[in-house]
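In case you want the letters, here they are:
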Amino acid sequence: MTSETSSAVLRYTAFTSDPSGGNPAGVVLDASGFDDARMLAVAAEVGYSETAFVTVRDAERRRFAVRYFSPLAEVDFCGHATVATAVALAERVGPGELVFETQVGEIPVATAADADGVTRATLTSVATDSHPVEDSALDAALAALGWQRSELDPGLPPRVAFGGVWHLVLAVASRARLADLSYDFDGLAGLMRARGWTTLQLVWQEAPGRFHSRNPFPVGGVVEDPATGAAAAAFGGYLRALGRVPEGGEVVIRQGEDMGRPSTLTLAVDAADPRVRVSGRAVSLV
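Residues numbered from 1 in each chain as written. Predicted model: local features only at pLDDT ≥ 70, side-chain atom pairs only at ≥ 80, totals over all residues. Heavy atoms only, no water.

### Structural notes on the overall build of the protein
Reasoning step 1: Within the protein one finds six helices and 17 strands.
Reasoning step 2: At 18 Å, the protein has a C-alpha radius of gyration in line with the 19 Å of a compact globule built from 286 residues.
Reasoning step 3: The principal-axis extents of the C-alpha atoms in the protein amount to approximately 55 × 40 × 30 Å.
Reasoning step 4: Expressed as a percentage of the 286 residues in the protein, the buried residues total 55%.
Reasoning step 5: Carbon and sulfur atoms make up 50% of the accessible area of the protein, which amounts to about 11,100 Å² in all.
Reasoning step 6: In the protein, 24 positive and 35 negative side-chain charges are present, and the distance between their average locations comes to 2 Å. (Helix = DSSP H or I, 4+ residues; strand = E, 2+ residues; numbered from the N terminus. Rg over C-alpha atoms; globule rule 2.2 N^0.38 Å. Buried < 20%, exposed > 50% of the residue type's maximum accessible area, 1.4 Å probe, protein only. Areas by Shrake-Rupley, 256 points an atom, 1.4 Å probe, with all protein chains shown as cover. Lys, Arg positive; Asp, Glu negative; His and termini not counted. Charge placed at Lys NZ, Arg CZ, Asp CG, Glu CD.)

### Looking at the packing of helix H3 (residues 135–145) against helix H5 (residues 185–195)
Reasoning step 1: It is at 9 Å that the axes of H3 and H5 come closest, and there the two elements cross at 155°. In this view, H3 runs roughly antiparallel relative to H5, as classed from their interaxial angle. Like other packed secondary-structure pairs, H3 and H5 cross with a definite hand, here left-handed. Contacts between H3 and H5 involve Ser136, Ala137, Ala140, Ala141, Ala144 and Leu145 from the former and Leu188, Leu191 and Arg195 from the latter.
Reasoning step 2: When grouped by side-chain class, the residues that make up the contact of H3 with H5 number seven nonpolar, one polar and one charged. (Axes fitted to C-alpha atoms, helices over the stretch in contact; angles between N-to-C directions. Parallel < 35°, antiparallel > 145°, perpendicular 65-115°, else oblique. Left-handed = near helix turned anticlockwise from the far one by under 90°. Contact = heavy atoms within 4.5 Å. Nonpolar A, V, L, I, M, F, W, Y, C, P; charged D, E, K, R; others polar.)

### Some words on the pairing of strand E1 (residues 9–14)
Reasoning step 1: Relative to strand E2 (residues 23–28), E1 is paired through six bridges, and the arrangement is antiparallel. Bridged to arginine 11 within E2 is glycine 26.
Reasoning step 2: Of the strand pairs in this sheet, E1 and strand E17 (residues 276–284) are connected by three bridges, and their pairing is antiparallel. Within the sheet, the bridge partner assigned to threonine 13 lies in E17 and is valine 283. (Pairing = 2+ DSSP bridges.)

### Considerations on the packing of aromatic side chains
Reasoning step 1: Under the defined criterion, the tally for this structure stands at eight aromatic pairs.
Reasoning step 2: Measuring from centroid to centroid gives 6.1 Å for phenylalanine 34 and phenylalanine 53, while their planes differ by 55°, and the two rings are tilted. Taken together, the residues phenylalanine 34 in the loop between E2 and helix H1 (36–46) and phenylalanine 53 in strand E3 (residues 51–58) connect sequence positions 19 residues apart.
Reasoning step 3: Centroid distance phenylalanine 53 to phenylalanine 69: 5.8 Å. Interplanar angle 85°. Geometry classified as edge-to-face. Taken as a pair, phenylalanine 53 in strand E3 and phenylalanine 69 in strand E4 (residues 63–69) lie far apart in primary sequence, 16 residues in all.
Reasoning step 4: Among the aromatic side chains, those forming a connected cluster through ring pairs are Phe34, Phe53 and Phe69. (Phe/Tyr/Trp six-rings, centres within 6.5 Å; stacked < 30°, edge-to-face > 60°.)

### A look at the side chain of threonine 13
Reasoning step 1: Position of threonine 13 among the secondary structure elements: in strand E1.
Reasoning step 2: Looking at threonine 13, its side chain comes within polar contact range of the main-chain nitrogen of asparagine 23, at 3.2 Å.
Reasoning step 3: Within the structure, the side chain of threonine 13 is placed 3.5 Å from the side chain of arginine 261, a separation counted as a polar contact.
Reasoning step 4: Those residues in contact with threonine 13, other than ones at most four positions away along the chain, are Asp18, Pro19, Gly21, Gly22, Asn23, Pro24, Arg261, Arg281, Ala282, Val283 and Leu285. (Polar contact = N/O pair within 3.5 Å; in protein donor to acceptor, adjacent residues only side chain to side chain.)

### Quick notes on the pairing of strand E15 (residues 250–255)
Reasoning step 1: Burial analysis of E15 places five of its six residues in the buried class, which makes it a mostly covered element.
Reasoning step 2: The pairing of strand E13 (residues 210–217) with E15 spans four bridges and is classified as parallel. Looking across to E15, one finds that arginine 210 is bridged to valine 252.
Reasoning step 3: Pairing analysis gives six bridges linking E15 to strand E16 (residues 263–269), with the strands arranged antiparallel. Note that in E16 the partner of glutamine 255 across the bridge is serine 263.

### Points about H5
Counting along an α-helix, one turn takes 3.6 residues, and residues three or four places apart therefore face a common direction.
Reasoning step 1: Every buried residue belonging to H5 is among Leu188, Ala189, Leu191 and Met192, and all of these are buried. Taken end-on, H5 shows its buried residues confined to a sector of 165°, consistent with a single buried face. Along H5, the residues that are exposed and aim more than 90 degrees away from the buried face are Asp186, Arg193 and Ala194.
Reasoning step 2: For H5, the N-terminal cap is aspartate 184; the gap from its side-chain oxygen to the backbone nitrogen of aspartate 186 is 3.4 Å. (Arc of directions from axis to C-beta.)

Fair warning: the whole summary comes from geometry, so function is off the table for now.
The following block contains the structure:
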């Protein structure tokens, strides 16, 4: 154990082995005495897109109840904060299998040290789902983004996808369109709240099984996430539903490059399993 108190806020960055990359998350390993107001206040003070709070610990059984807060509101599930929390726990209780009890159900997380000593976590999502997006909602989202339908990839149709929380998936035909992201923050936030979307999963396909992604998160008070594990899980389910998963089932997503915080998310998608496995490393920021 380190010298920090268990209720202190740890800071990790997920889906990278480089402290200058990935998506930072706050982690509180003992929030058993925190009420909702305190968790929200801590998340707002930390200022990251999410902070994870371990509200119940059973280290012997390796089961932990976890809640997630953005600076503005509680989020039912967060992938990058799950990876960060799992790595923080593995560094203290040892690598192996963990189970997180979340607002969306049980999330198994496997942890192990890579050859270079950096810990990797692989979460297994709840069952994924996706369905077509209504024309009116699509038009409103495109208007907020300043995008045109003609700029979308016809091989990857717009859909709403679920991997614990809901995301609008929009695939563009060019990397340049993805790189040029400037949107109506308040307008998109209002639409997302009305539709129950947590982020937008904006993607460009570089090659079969390899994608670049950007994820606006205005409902959490954050312009963009540099790595979004929940959206990645939803996207894996989206690809499965479309029959676009490559042979072998591995999908790699590069995210955060346009923000200067490159991240790598690796998905394992099984045609016979409605869940998706999302894997990535995490390192401490202190």
